[in-house]
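Reading the structure
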Amino acid sequence: MSVERALTAFAGFMVLLSVALTVWVHPNWVWLTVFVGANLFQQSFTGFCPARIFLRKVFKLKTERELAQSNQ
């Protein structure tokens, strides 16, 4: 799995988790949803995402470009 796909899956999971926590635990969990959305928004402009750094270092995931180059 590439880091881009893992990042998309992680963001989707965090949104679903935060909505579930908002509904079943406490309404203030909505701020986690806001944080995830804001992070996705700023990442679309800057290209910087802390979760991407984490996924690359901890899980040793490669980018789509790196995977394509290694398959040649």
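The following paragraphs examine the structure supplied in this document.

Looking at the overall build of the protein chain
Each helix and strand in the protein chain was counted, giving four helices and zero strands. Reading the secondary structure of the protein chain in the N-to-C direction produces α-α-α-α. For a compact globule of 72 residues, the expected C-alpha radius of gyration is about 11 Å, and the protein chain comes in at 15 Å, more than 25% above that figure. Looking at the protein chain residue by residue over its 72 residues, the buried ones come to 22%. Counting contacts in the protein chain only where the partners sit at least 6 residues apart, residues at least 24 apart contribute 60% of the total. Looking at the protein chain as shown, the accessible area adds up to about 5,600 Å², and 69% of this sits on carbon and sulfur atoms.

Considerations on the pattern of salt bridges
A full pass over the atoms with the stated rule returns three salt bridges. With a shortest N-O distance of 3.9 Å, arginine 52 and glutamate 4 are connected by a salt bridge. Of this pair, arginine 52 sits in helix α3 (residues 50–59) while glutamate 4 sits in helix α1 (residues 3–24); the two residues are 48 residues apart in sequence, bridging distant segments of the chain. Residue class for arginine 52 comes out partly exposed when judged on its relative accessible area of 27%. For glutamate 64, the salt bridge identified is with arginine 5, shortest N-O distance 3.7 Å. Taken together, the residues glutamate 64 in helix α4 (residues 64–70) and arginine 5 in helix α1 connect sequence positions 59 residues apart.

Examining the nonpolar core
The biggest cluster of nonpolar side chains holds seven residues, and these are Val3, Ala6, Leu7, Cys49, Ala51, Leu55 and Leu61. With three residues, α1 is the single largest residue contributor to this core. Other than its neighbours up to four places away in sequence, cysteine 49 contacts Leu7, Asn39 and Gln43.

The rules behind the values
- Residues numbered from 1 in each chain as written.
- Predicted model: local features only at pLDDT ≥ 70, side-chain atom pairs only at ≥ 80, totals over all residues.
- Heavy atoms only, no water.
- Helix = DSSP H or I, 4+ residues; strand = E, 2+ residues; numbered from the N terminus.
- Rg over C-alpha atoms; globule rule 2.2 N^0.38 Å.
- Buried < 20%, exposed > 50% of the residue type's maximum accessible area, 1.4 Å probe, protein only.
- Contact = heavy atoms within 4.5 Å.
- Areas by Shrake-Rupley, 256 points an atom, 1.4 Å probe, with all protein chains shown as cover.
- Salt bridge = Lys/Arg side-chain N within 4 Å of Asp/Glu carboxyl O.
- Core = buried A, V, L, I, M, F, W, Y, C linked by side-chain atoms within 4.5 Å.

Without other data, these values stay purely geometric and don't point to any function.
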